[in-house]
Amino acid sequence: MFNPQDIIDLLAANVRQTRNPFGVPASKFNTWWKDAGGFTRRPGDALLFTGLMYQAIPYIEATTRYLERLEGSSWAGYLRYSRFLPASLRGRGLAALTSAAGKKKFNGILHTICRLLKKSGAGFFYHPEMDFYSGILLYDLGDQDGFIKHAQFVDKTLKLHGVSKIITVDPHTTYALKELYPKYTGATFEVQPYFSQLQFQAPAAGNGKPPVVLHDPCLYGRYLQLSEGPRRVLKNLNLEYVDVRNCGEFTSCCGGPAESVSPALNREILARRAGELKAAAAPVVTFCPICLANLLKAGLPVEDLASLVGRHMA
Amino acid sequence: MALVNPDFAAELKAYGVDTPLECFNCGTCAAICPLLFEHFPRKMIRYVQVGAKEKILQQAEDLWRCLHCGLCTQTCPRQANPGELILGLRRYVVAQARRA
Ligand code: SF4
Ligand code: SF4
């Protein structure tokens, strides 16, 4: 385990400098929208707010591979002296360590979400200058001041742009904007996860495939009680799914939140959850980029809800 | 020997830790916690209740093992919010370190 204070200092400094925890300007990795066909903002439209989570997964994975090697080694303590990740893991160096396939995969999920929202007639637009990291990791790690300052910046910027409605794509950003921002910045945005906006005109026939098994992220299952949303989408499309015993409000954590302070602890928790899901002997579907990346690491056949639904609605 | 600080629970209120006295030490949270680690989080809550501030600071690193998964909070029969309490203790420890 790393010294949590070192990790917090490192992430907080990155958020102060670049407004995200990776220390890389968002313009370097938030590029998915360039191939998304353009967006027009109409009165009353909601802002699609990705929180930079899906597009950051290849960068998080490159950083974690580095931290995983460092953890438990005699070099772990040196993290505090470098304050930031080594130059090879920042900026262009980090970009070079991320695979093109990884970037395409996670950017592709955002493209699919856009396509599904458009197909559902949801009123929304996207603008990269209104899309920020939510600051959730600072909150989770206990850097309350750092989180509040960042959240105030995001809240103020969105208000300046006249944003009142927001569509989110991941549970961490949804929790931050829906629960934490109102409490700590007084924000009053109307926040909805994208799957609650999916309305397809005619219920399509099923895909004829065996059922998938669902992995509920903790934040949707317990904190936000939104587990029914993805199930409603699947039911409407007659796409079959099964649940494991630990699902919905009682879902088991995949271990992802431990990754920033202990990749080894993450592996331990992940192995247990992977075992529960494997018992269902079905492909896994989840709705969180952190869970998705983590379960992939466990070698499970897993995909995002958007990918499954997107294929069906192609 | 650990020093006991009777004002500790009150001091923690500023960090959002306001339910430790609800806990009656049943251990449900420790039984359900996926960390399976030394009576965590119950042990930390007990330290708060008895004002064992030094113990918390000595074992502070363990607070960051918590996944913020919320299972303990969901199942606590006393609504003592154990998961949120751990988060509040992190805030307290970070603030202490910054002040030092
Ligand atoms: S479950 Fe609640 S009451 Fe029981 S030990 Fe944990 S915090 Fe205390
Ligand atoms: S929130 Fe933390 S203490 Fe509570 S069950 Fe989850 S990992 Fe354990």
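None of these values were measured; they are calculated from a predicted model.

The next thing to look at is the interface of chain A and chain B. Each partner contributes to the interface: chain A provides 31 residues, whereas chain B provides 20 residues. Both sides of the chain A and chain B interface together cover about 2,200 Å² of buried area, and 57% of this is carbon and sulfur. Counting every contact that joins chain A to chain B gives 1 salt bridge. For the salt bridge of A:Asp143 with B:Arg98, the shortest nitrogen-to-oxygen distance reads 2.8 Å. Linking chain A with chain B are 9 residue pairs in polar contact (both at pLDDT 80 or more), by the criterion used here. Among the elements of the structure, helix 1 (4-18), helix 7 (136-141), helix 9 (171-184), helix 10 (218-223) and helix 12 (263-278) of chain A are those that each provide at least two residues to the side of chain A that touches chain B. Among the elements that line the side of chain A that touches chain B, the one with the most residues is helix 1 of chain A, at 5 residues. In terms of residue class, the side of chain A that touches chain B is built from 18 nonpolar, 7 polar and 6 charged.

Surrounding ligand 1, one finds 14 residues, the nearest of these being B:Cys23, B:Cys26, B:Gly27, B:Cys29 and B:Cys76. Mapped by element, the contributors of at least two residues to the shell around ligand 1 are helix 2 (28-32) and helix 3 (42-50) of chain B.

So, about the sheet that holds strand 4 (residues 190-193) of chain A. Residue and element names in this part refer to chain A. In space, the 4 strands of this open sheet follow the order 2-1-3-4, with parallel pairing throughout. Each edge of the open sheet carries a strand with a single partner, namely strand 2 (124-125) and strand 4. One ladder, built from 3 bridges, connects strand 1 (residues 46-49) with strand 3 (residues 165-168); its direction is parallel. Residue pairing across strands places Phe49 opposite Thr168, the latter belonging to strand 3. Lying over the sheet, helix 9 contacts strand 1, strand 3 and strand 4, oriented at roughly 155° with respect to strand 3.

Now for helix 13 (residues 289-297) of chain A. All names here are of chain A. With 7 of 9 residues buried, helix 13 lies mostly within the body of the structure. Turning to helix 13, its buried residues are Pro289, Ile290, Cys291, Leu292, Ala293, Asn294 and Leu295. At the C-terminal side of helix 13, Gly299 shows a positive phi close to 80°.

To continue, consider empty space enclosed by the protein. All names here are of chain A. Enumeration over the complete set of coordinates arrives at 4 cavities of 30 Å³ or more. Considering the residues around the largest cavity, the lining is formed by 36 residues, among which Ile60, Leu137, Glu259, Ser260 and Ile290 are closest to the centre. Top element by residues in the lining of the largest cavity is helix 3 (residues 57-70). It accounts for 6 residues. Counting only domains with at least three residues in the lining of the largest cavity, you end up with domain 1 (4-197) and domain 2 (212-312). In this model, the second largest cavity occupies a volume close to 160 Å³. Taken together, 17 residues line the second largest cavity, and the ones lying closest to its centre are His172, Cys218, Leu219, Cys253 and Pro257. Among the secondary structure elements, those contributing two or more residues to the lining of the second largest cavity are helix 9, helix 10 and helix 13. Mapping the lining of the second largest cavity onto the domain boundaries places at least three of its residues in each of domain 1 (4-197) and domain 2 (212-312).

Here we take up the site of ligand 2. Around ligand 2, the structure places B:Cys33, B:Pro34, B:Phe40, B:Pro41, B:Cys66, B:Leu67, B:His68, B:Cys69, B:Gly70 and B:Cys72. Considering only residue class, the shell around ligand 2 consists of 8 nonpolar, 2 polar and no charged.

The next thing to look at is the domain arrangement of chain A. Residue and element names in this part refer to chain A. Under the domain assignment, chain A is made up of domain 1 (4-197) and domain 2 (212-312). With 32 residues of domain 1 in contact, the opposing surface of domain 2 contributes 31 residues. Where domain 1 abuts domain 2, roughly 2,600 Å² becomes buried across the two surfaces, and 72% of that area is made up of carbon and sulfur atoms. Between the two partners, domain 1 and domain 2, sit 0 salt bridges. Along the contact surface separating domain 1 from domain 2 lie 4 residue pairs in polar contact (both at pLDDT 80 or more). Of all the secondary structure elements, the ones that give two or more residues to the side of domain 1 that touches domain 2 are helix 1, helix 3, helix 6 (100-119), helix 7 and helix 9. A per-element tally of the side of domain 1 that touches domain 2 places helix 6 first, with 7 residues. Grouping the amino acids of the side of domain 1 that touches domain 2 by side-chain chemistry returns 19 nonpolar, 5 polar and 8 charged.

Definitions and cut-offs
Residues numbered from 1 in each chain as written. Chains lettered and ligands numbered in written order. Predicted model: local features only at pLDDT ≥ 70, side-chain atom pairs only at ≥ 80, totals over all residues. Heavy atoms only, no water. Contact = heavy atoms within 4.5 Å. Buried area = accessible area lost by both parts, 1.4 Å probe. Salt bridge = Lys/Arg side-chain N within 4 Å of Asp/Glu carboxyl O. Polar contact = N/O pair within 3.5 Å; in protein donor to acceptor, adjacent residues only side chain to side chain. Helix = DSSP H or I, 4+ residues; strand = E, 2+ residues; numbered from the N terminus. Nonpolar A, V, L, I, M, F, W, Y, C, P; charged D, E, K, R; others polar. Near = heavy atom within 4 Å. Pairing = 2+ DSSP bridges. Axes fitted to C-alpha atoms, helices over the stretch in contact; angles between N-to-C directions. Buried < 20%, exposed > 50% of the residue type's maximum accessible area, 1.4 Å probe, protein only. 1 Å grid on protein atoms, 1.4 Å probe; cavity = no way out; pocket = protein on both sides within 12 Å on 5 of 7 lines; lining within 4 Å. Points joined across faces, edges and corners; volume = space filled by probe spheres on them. Domains from an automatic or database assignment.

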